[in-house]
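# Fold and contact review
Take a look at the letters that make up each chain.
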Amino acid sequence: MVPEELFSLALGLVPPWLVDDVTFQVEEKRLDLHINFPKGSRFACPVCGEECPVHDTREHTWRHMDFFQHEAYLHARVPRVMCPEHGVHQIPVPWAREGSRFTLLFEALIMTLVREMPVLTVARLIGETDTLLWRVIDHYVPEARTRVDMAHVHAVGVDETSSRRGHDYITLFVDLEARRLLFATPGKDVSTFARFATDLEAHGGSAEAVTDVSMDLSPAFQKGAKEHLPNAQVTFDRFHLMKLVNEAVDAVRRSEAFTQPDLKKTRWLWLKNERKLKVKQKEKLQALLKDQNLKTAQAYQFRLTFQDIFTIKNRHQGATLLKAWLENAKTSDLPPIVKVAYTIMNHWDGVLHWLESQITNGILEGFNSLIQSAKAKARGYRTHKNFINMAYLILGKLDLRLPT
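Residues numbered from 1 in each chain as written. Predicted model: local features only at pLDDT ≥ 70, side-chain atom pairs only at ≥ 80, totals over all residues. Heavy atoms only, no water.

### Structural notes on helix H10 (residues 295–309)
For H10, built from 15 residues, the straight-helix expectation of 21 Å at 1.5 Å per residue is met to within 8% by its first-to-last C-alpha distance of 22 Å. Those residues of H10 that sit buried are Thr 296, Ala 297, Ala 299, Tyr 300, Phe 302, Arg 303, Phe 306 and Ile 309. The inward-facing, buried residues of H10 abut helix H7 (238–256), helix H8 (267–271), helix H9 (279–289), helix H11 (315–330), helix H12 (335–346) and helix H14 (354–357). (Helix = DSSP H or I, 4+ residues; strand = E, 2+ residues; numbered from the N terminus. Expected span 1.5 Å × (residues − 1). Buried < 20%, exposed > 50% of the residue type's maximum accessible area, 1.4 Å probe, protein only. Contact = heavy atoms within 4.5 Å.)

Quick look at the structure:
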């Protein structure tokens, strides 16, 4: 078998396409395969499928999968056909998509690599610019999203993540049941919910079908959910509530540290769960707790009690205990704890609804860690579009339908 026939078979070419010339340059570590078609060949019109004669041809080149350690390139005269009904049209080639400088198999390699490592690293590895790779990503991710089915979305988690330093945010909407990213959009205001509702409808879902939404206490998110997810019961995420209590405990500690030097550099003793502390940390915490007059110790007890309430799954019992906690907190003479108590009172229904829905943004916290880790490895993304495409690629469970 001659090399031309061998490479024609390896590329999966079918008549009239064939490899008619092979050039191998050892010094340049490069293989060039020239694809052609016999004179008089006819091709299907891209519009109607009618077999038509060739009008003219244009030379194109595509980067292909490496041949061992050698770069490989395909070259072809791509014909334009003359259709009696639809005029002159360029035909698509089976090994590459229109407008791309890479073959389909090479793009599949790119998409596989960028899921696992930063785009710039992949670009350096294969010897291409990251700009070209972002174009490939920007083709496959939106195309895969057109096939996403959101018809069964009922429980949604919402949170923001930083896209760059400063106040630059992307809001993430996650399907809490399927554990996948549904939608990502710049900003963290009311309009993000409007855009999500539109995208949900475009993918076979319904804003009216969303029955539960988990979020933090953001006024913008509350307003957005009320206006654009009309049937959704809001659950204020218990992790965000716990964060408020933790911040209050630390505020008490920092204030008291001016008169109690032993409290300096003890922040994590009060904020971590005791089982996660090292032996020496546990010993120091127990020693500090013996001081009954220590305000930080009092705030710490409020923290433990609050945390325990959110292990209860009975709404009546949980509500009773939470009311008692609020009454004690309001009279605690610990201003940061008092402030948290009134904040919870002002969001009572959404706080209490957790005892029924049991939904949290825990999955979003995990997603945020993954995307921030990828961003750190990439040393940031230049645009919102790049950031969002990577978020979908990592978290969206997309069916990219890559060629094999």
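### Observations regarding a positive patch on the surface
Taken together, Lys 272, Arg 275, Lys 276 and Lys 278 make up a surface patch of like positive charges. Structurally, the position occupied by Lys 278 is in the loop between H8 and H9. (Patch = residues over 30% accessible without salt bridge, like charges linked within 9 Å, V, L, I, M, F, W, Y side chains within 5 Å. Areas by Shrake-Rupley, 256 points an atom, 1.4 Å probe, with all protein chains shown as cover. Salt bridge = Lys/Arg side-chain N within 4 Å of Asp/Glu carboxyl O. Lys, Arg positive; Asp, Glu negative; His and termini not counted. Charge placed at Lys NZ, Arg CZ, Asp CG, Glu CD.)

### Observations concerning the packing of aromatic side chains
Counted according to the given criterion, the structure contains 21 aromatic pairs. Measuring from ring centre to ring centre gives 5.4 Å for Trp 17 and Phe 43, while their planes differ by 45°; the resulting arrangement is tilted. Here Trp 17, found in the loop between helix H1 (3–10) and strand S1 (18–25), pairs with Phe 43, found in strand S3 (residues 42–44); they are 26 residues apart in sequence, far enough to count as distant. The exposure classification of Trp 17 matches that of Phe 43, with both residues buried. A ring pair is formed by Phe 67 and Phe 68, whose centres lie 5.1 Å apart and whose planes are at 85°; its orientation type is edge-to-face. In this structure Phe 67 comes out as partly exposed when scored by relative accessible area, which is 31%. An aromatic cluster of three or more residues is present, and its members are Trp 17, Phe 37, Phe 43, Trp 62 and Trp 95. The ring of Tyr 73 has Arg 30 sitting right over it, with the charged end atom 4.0 Å from the ring centre. (Phe/Tyr/Trp six-rings, centres within 6.5 Å; stacked < 30°, edge-to-face > 60°. Lys NZ or Arg CZ within 6 Å of the ring centre and 35° of its normal.)

### Observations regarding the environment of Ser 218
As for its position among the elements, Ser 218 is in the loop between strand S10 (212–215) and helix H6 (219–228). Using a relative accessible area of 18% as the deciding quantity, one classes Ser 218 as buried. As for Ser 218 and His 139, which are separated by 79 residues in sequence, their C-alpha atoms are 34 Å apart.

### Topic: a nonpolar patch on the surface
A cluster of nonpolar side chains, namely Phe 24, Val 26, Phe 67 and Phe 68, defines an oily patch on the protein surface of about 430 Å² accessible area. Positionally, Phe 67 belongs in strand S4 (residues 51–67).

### Topic: the pairing of strand S6 (residues 87–90)
Pairing between strand S5 (residues 70–83) and S6: 4 bridges, direction antiparallel. The residue bridging Met 82 from the neighbouring strand is Val 88, located in S6. Once S5 ends, the chain turns through 3 residues before running back antiparallel as S6. (Pairing = 2+ DSSP bridges.)

### A word on the sheet that holds strand S8 (residues 168–175)
The strands making up a sheet associate through backbone hydrogen bonding, with each pair oriented either parallel or antiparallel. Here 5 strands make up an open sheet; going across it, the order is S9-S8-S7-S10-S11 and the pairing mixed. Two strands close off the open sheet at either side, each with one partner strand: strand S9 (180–186) and strand S11 (233–236). Neighbour-to-neighbour, the strand axes of this sheet turn through a mean angle of 30°, independent of strand direction. Direction of pairing for strand S7 (residues 155–164) relative to S10: parallel, over a ladder of 3 bridges. Across the sheet, the residue bridging to Gly 157 is Ser 214, located in S10. The sheet strands contacting H6 are S7, S8, S10 and S11, and the helix crosses S10 at an angle near 170°. Strand contacts of helix H16 (residues 384–395): S7, S8 and S9, with the helix running at about 175° to S9, the strand carrying the most contacts. (Axes fitted to C-alpha atoms, helices over the stretch in contact; angles between N-to-C directions.)

### Description of the layout of surface pockets
By volume, the largest pocket amounts to about 610 Å³. Contributing to the lining of the largest pocket are 19 residues, with Met 242, Asn 246, Leu 271, Arg 303 and Gln 307 lying nearest its centre. Secondary structure elements with two or more residues in the lining of the largest pocket: H7, H8 and H10. In terms of residues, the lining of the largest pocket owes the most to one element, H7, which gives 8 residues. Considering only residue class, the lining of the largest pocket consists of 5 nonpolar, 4 polar and 10 charged. (1 Å grid on protein atoms, 1.4 Å probe; cavity = no way out; pocket = protein on both sides within 12 Å on 5 of 7 lines; lining within 4 Å. Points joined across faces, edges and corners; volume = space filled by probe spheres on them. Nonpolar A, V, L, I, M, F, W, Y, C, P; charged D, E, K, R; others polar.)

### Overview of the confidence of the model for the chain
When the pLDDT values of the chain are averaged, the result is 92; 98% of them are 70 or greater. Of all the helices and strands in the chain, helix H15 (residues 362–378) carries the lowest mean pLDDT, 82, while helix H5 (residues 191–202) carries the highest, 97. (pLDDT = per-residue confidence, 0-100.)

### Describing the environment of Leu 398
With respect to the helices, strands and loops of the structure, Leu 398 is situated in the segment after H16. Each C-alpha atom of the pair Leu 398 and Glu 143 lies 9.7 Å from the other, and the pair is 255 residues apart in sequence. Setting aside anything within four residues of it in sequence, one finds Leu 398 in contact with Arg 115, Val 141, Ala 144, Arg 145, Val 148, Tyr 392 and Leu 393.

### Here we look at the side chain of Thr 171
In this structure, Thr 171 sits in strand S8. We classify Thr 171 as buried; its relative accessible area is 0%. Excluding anything up to four places from it in sequence, Thr 171 contacts Val 158, Asp 159, Glu 160, Phe 183, Ala 184, Thr 185, Gly 187, Lys 188, Thr 192 and Phe 221.

### Some words on the pattern of salt bridges
On inspection of all chains with the given rule, the structure shows 15 salt bridges. Residue Asp 66 pairs with Arg 63 through a salt bridge whose shortest N-O separation is 3.3 Å. Asp 66 sits in the partly exposed class, given a relative accessible area of 40%. A salt bridge links Asp 175 to Arg 180; its shortest N-O distance comes to 3.7 Å. Across the pair, Arg 180 and Asp 175 agree in class, each one buried.

### What about unusual backbone geometry?
The linkage connecting Pro 15 with the following residue, Pro 16, adopts the cis geometry, with an omega of 10°. Positionally, Pro 16 belongs in the loop between H1 and S1. Located in the positive-phi region is Arg 179, a residue other than glycine, with phi close to 55°. Relative to the helices and strands, Arg 179 resides in the loop between S8 and S9. The phi angle at Asp 333 is positive, at roughly 60°, despite the residue not being glycine. On the secondary structure map, Asp 333 appears in the loop between H11 and H12.

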